[in-house]
Amino acid sequence: MSVSDLVPYLTIFLLATTITTIRYVVFAGIGYGLVWKLWKDKLSHRIIQGKLPDFSKIKHEIYYSLATMVVFGLVGVGIFIGKNHGVFLIYQNIGDKGWVYFLINLAALILCHDAYFYFTHRLMHWKPIFPYVHRVHHKSTNPSPWAAFAFHPYEAVIEAGIVPLYTFFIPTHSLTIVLFLLYMTFLNVLGHMAFELFPKGFLSHFYTNWHNTTTHHNMHHKWFHYNYGLYFNWWDKLFGTNHPNYKQEFDLITRDPIFKKK
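Residues numbered from 1 in each chain as written. Predicted model: local features only at pLDDT ≥ 70, side-chain atom pairs only at ≥ 80, totals over all residues. Heavy atoms only, no water.

### Section: the layout of surface pockets
Take a probe with the size of a water molecule and roll it over the atoms, and the empty space left behind shows itself. The space that makes up the largest pocket amounts to roughly 980 Å³. Together, 40 residues line the largest pocket, and T20, R23, I79, I177 and L181 are the ones closest to its centre. Looking at the lining of the largest pocket, the elements with two or more residues in it are α1 (3-38), α2 (55-84), α3 (98-124), α6 (153-160), α7 (162-169), α8 (174-191) and α9 (214-223). The element contributing the most residues to the lining of the largest pocket is α8, with 8 residues. Across the lining of the largest pocket, the residue classes tally to 24 nonpolar, 12 polar and 4 charged. When its volume is computed, the second largest pocket comes out at roughly 170 Å³. Every residue along the wall of the second largest pocket is listed here: F27, I30, G31, L34, V35, W39, F186, V189, L190, M193 and L197. Looking at the lining of the second largest pocket, the elements that each hand over two or more residues are α1 and α8. If one sorts the elements of the lining of the second largest pocket by residue count, α1 sits on top with 5 residues. (1 Å grid on protein atoms, 1.4 Å probe; cavity = no way out; pocket = protein on both sides within 12 Å on 5 of 7 lines; lining within 4 Å. Points joined across faces, edges and corners; volume = space filled by probe spheres on them. Helix = DSSP H or I, 4+ residues; strand = E, 2+ residues; numbered from the N terminus. Nonpolar A, V, L, I, M, F, W, Y, C, P; charged D, E, K, R; others polar.)

### Some words on empty space enclosed by the protein
Here the structure, examined in full by the defined rule, presents 1 cavity of 30 Å³ or more. L187, G191, T213, H217 and L230 are the residues nearest the centre of the largest cavity, which is lined by 15 residues in total. For the lining of the largest cavity, the secondary-structure elements that each account for two or more residues are α8 and α9. Broken down by element, the residue count for the lining of the largest cavity peaks at 4 residues, all from α8. The class makeup of the residues in the lining of the largest cavity is 5 nonpolar, 10 polar and no charged.

### Some details on the nonpolar core
Of all hydrophobic cores here, the largest spans 48 residues; its most connected members are W36, F149, F180, F195 and Y231. Excluding its chain neighbours within four sequence positions, the residues that come into contact with F149 are Y24, Y64, S65, T68, M69, F72, M184, T185 and N188. (Core = buried A, V, L, I, M, F, W, Y, C linked by side-chain atoms within 4.5 Å. Buried < 20%, exposed > 50% of the residue type's maximum accessible area, 1.4 Å probe, protein only. Contact = heavy atoms within 4.5 Å.)

No statement about biological role is implied by the geometric values presented.
The structure is reproduced here in structure tokens:
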């Protein structure tokens, strides 16, 4: 293979890495700028662990998150190659399968990712592999929005695996993948926000208690062996891995309105 043959792959790598980095910086930056800076005083009663981490911890999170973006860029190259060889079933014309399929497929991808995350997450907590794969992420015992992608490269590969795995079996429109990645990034940043922004009573309501909160994932960072779920709480409920004090902690931190009146 000549140097000129490598140019398309290098272009895809640079493009994919740049896009994922921009997505990370925009979502984490907005969360950090609004919640941690602009609204910090108004939301001080919603700080889940009562204090925020030192900036030295945040630098660690940014460093590993940027390294993760490089891994994601490499995975993007792999998906590009696989798509061109018919390995990954990614199509471009929504009309080929219609809007109903498009919307159902988007929901299915989110649900599959939620299951994929829960079980791979529990696997990464297995003692023989935890130090080599997942410990980097757990150095943030009190995470910031910048911790959303602070992974060891091995974990970054695992986290990125959902898209190639899903599209290997299920025909998926490229826009579906884009919307999924936006949804995933938003919820991931929110889960690491360190401030609880969900409303009082969220876990007491039949129609909302199936969804995870920032407190849920923050408690995972603090205690490690509970609360493995990502978007939805049904896997933790099914396998009994919710922290026993999860609801009490959430109710305590949300006893006052989001923006407390002075």
